[in-house]
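# Reading the structure
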Amino acid sequence: MKKCEKESLYSLFRTAVECIEGFRYSTAMPTFYDDVPLSNGTSVKETPSIEVGGSTFEQTTTSSDKKLYKSFEELKKDVLECKLCPLCKARKTVVFGEGPFETVGALEKPPVLVIGEGPGYDEDVQGRPFVGASGKLLDKMLKSIGLSRTENCFITNIVKCRPPENRNPAKDEIIACSHFLEEQIRLLSPKIILLLGTVALKSIFNTTLGISHLHGKVFYYHDEIPTIATYHPSALLRTESLKRPAWEDLKFFQSKLKGL
């Protein structure tokens, strides 16, 4: 597809979304390029796209020249030794993620993968994801729909090291960690993914729209794995009014999981 054709489609979809949402977006049009022709006459895009609510978003893919790990143990070893971005200089520990014990031995894969944004202070100290106040709330949220990190969920983050002062991960930090997350997803092959917050949503699906617009909707990771986003537990602790829509998202997630 030509660059001009993509721009026309984007404008059309954006106008439709603005009509549905009832307001105009101030974000600029992303940069599009012509598809690169292959020798057999077909063409390839740099990234596959996903359509939600009339808008098309690009999704990050695994590069063919990156390492494909044979086991979770091999992947975890490299993650724990990672020095690909500046976050390694200030971290106390690397937070790889955790789930049922059987996952480590690949005897049984949990059906649900939960992805947050990055470790906080408590997570950096303990080397475990979601163990502070947000983690306690997350455990309650999961329990309310029959899920648990000790039974049927694996929990991880977009980045595996704590950003200073708990700030959002920077783009280069997200990129540095992206292949590790892709390999976690590939090796786990979950039935469904739950994204927590805007950072996780925007990192997995390259969209300018935030969690307030896209929570509770179904995306498909690599056109295969149903993925639903909801508010990050830390946001729920700050804003009481978000708890009701988050509960509706969780019930929707539960119904989607049961239907798989």
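Above: the structure in question.
The sections below set out a description of the structure shown in this document. Because the structure is predicted, anything quoted here is derived from the model rather than measured.

Scanning the model with the defined rule gives eleven salt bridges in all. Between Glu183 and Arg186 there is a salt bridge, and its shortest N-O distance comes to 2.8 Å. In this pair, Glu183 and Arg186 are both assigned in helix 7 (residues 171-188), three residues apart and thus about one turn of the helix distant. Among the residues examined, Arg186 registers a relative accessible area of 39% and is labelled partly exposed. The closest approach of N and O atoms between Glu248 and Lys251, which form a salt bridge, is 3.3 Å.

So, on to the pairing of strand 9 (residues 218-221). With burial as the criterion, only one face of strand 9 is covered, namely that bearing Phe219 and Tyr221; the residues Val218 and Tyr220 on the opposite face remain uncovered. Note that strand 9 and strand 10 (residues 225-230) share four bridges and pair antiparallel. Across the sheet, Tyr220 pairs through a bridge with Pro226, a residue of strand 10. Linking strand 9 to strand 10, which pair antiparallel, is a turn of three residues; within it His222 sits at a positive phi near 50°.

Attention now goes to helix 6 (residues 133-144). When the terminal C-alpha atoms of helix 6 are compared, their 17 Å separation across twelve residues agrees well with the 16 Å that a helix rising 1.5 Å per residue should span. The set of residues buried in helix 6 consists of Ser134, Gly135, Leu137, Leu138, Met141 and Leu142. The buried residues of helix 6 occupy an angular sector of 160° when projected down its axis, which confines them to one face. Away from its buried face by more than 90 degrees, helix 6 exposes Ala133, Lys136, Lys140 and Lys143. The elements touched by buried residues of helix 6 are strand 5 (112-116), strand 6 (153-157), strand 7 (192-196), helix 10 (233-238) and helix 11 (243-258). Gly146 sits one or two residues past helix 6 and shows a positive phi near 80°.

Positive phi outside glycine occurs at Glu165, with the angle close to 60°. By the secondary structure assignment, Glu165 is in the loop between strand 6 and helix 7. Since its relative accessible area comes to 72%, Glu165 is described here as exposed. Unlike most non-glycine residues, Asp223 shows phi in positive territory, near 60°. Mapped onto the elements of the fold, Asp223 is located in the loop between strand 9 and strand 10. Note on Asp223: relative accessible area 56%, which makes it exposed.

This part covers the environment of Ile158. Along the chain, Ile158 falls in the loop between strand 6 and helix 7. By relative accessible area, Ile158 is classed as buried at 2%. C-alpha of Ile158 to C-alpha of Ile204: the two residues are 46 residues apart in sequence and 8.6 Å apart in space. Excluding residues that lie within four positions of it along the chain, Ile158 makes contacts with Ile115, Gly116, Glu117, Ile174, Cys177, Leu181, Val199, Ala200, Ser203 and Ile204.

Our focus in this paragraph is the nonpolar core. Membership of the largest hydrophobic core comes to 60 residues, with the highest contact counts inside it found for Val114, Ile115 and Leu195. Ranked by the residues each element gives to this core, the list is headed by helix 7, at eight residues. Excluding residues within four positions of it along the chain, Ile115 makes contact with Thr156, Asn157, Ile158, Leu181, Ile185, Ile193, Leu194, Leu195, Leu196 and Ala200.

Scoring rules and cut-offs
Residues numbered from 1 in each chain as written. Predicted model: local features only at pLDDT ≥ 70, side-chain atom pairs only at ≥ 80, totals over all residues. Heavy atoms only, no water. Salt bridge = Lys/Arg side-chain N within 4 Å of Asp/Glu carboxyl O. Helix = DSSP H or I, 4+ residues; strand = E, 2+ residues; numbered from the N terminus. Buried < 20%, exposed > 50% of the residue type's maximum accessible area, 1.4 Å probe, protein only. Pairing = 2+ DSSP bridges. Expected span 1.5 Å × (residues − 1). Arc of directions from axis to C-beta. Contact = heavy atoms within 4.5 Å. Core = buried A, V, L, I, M, F, W, Y, C linked by side-chain atoms within 4.5 Å.

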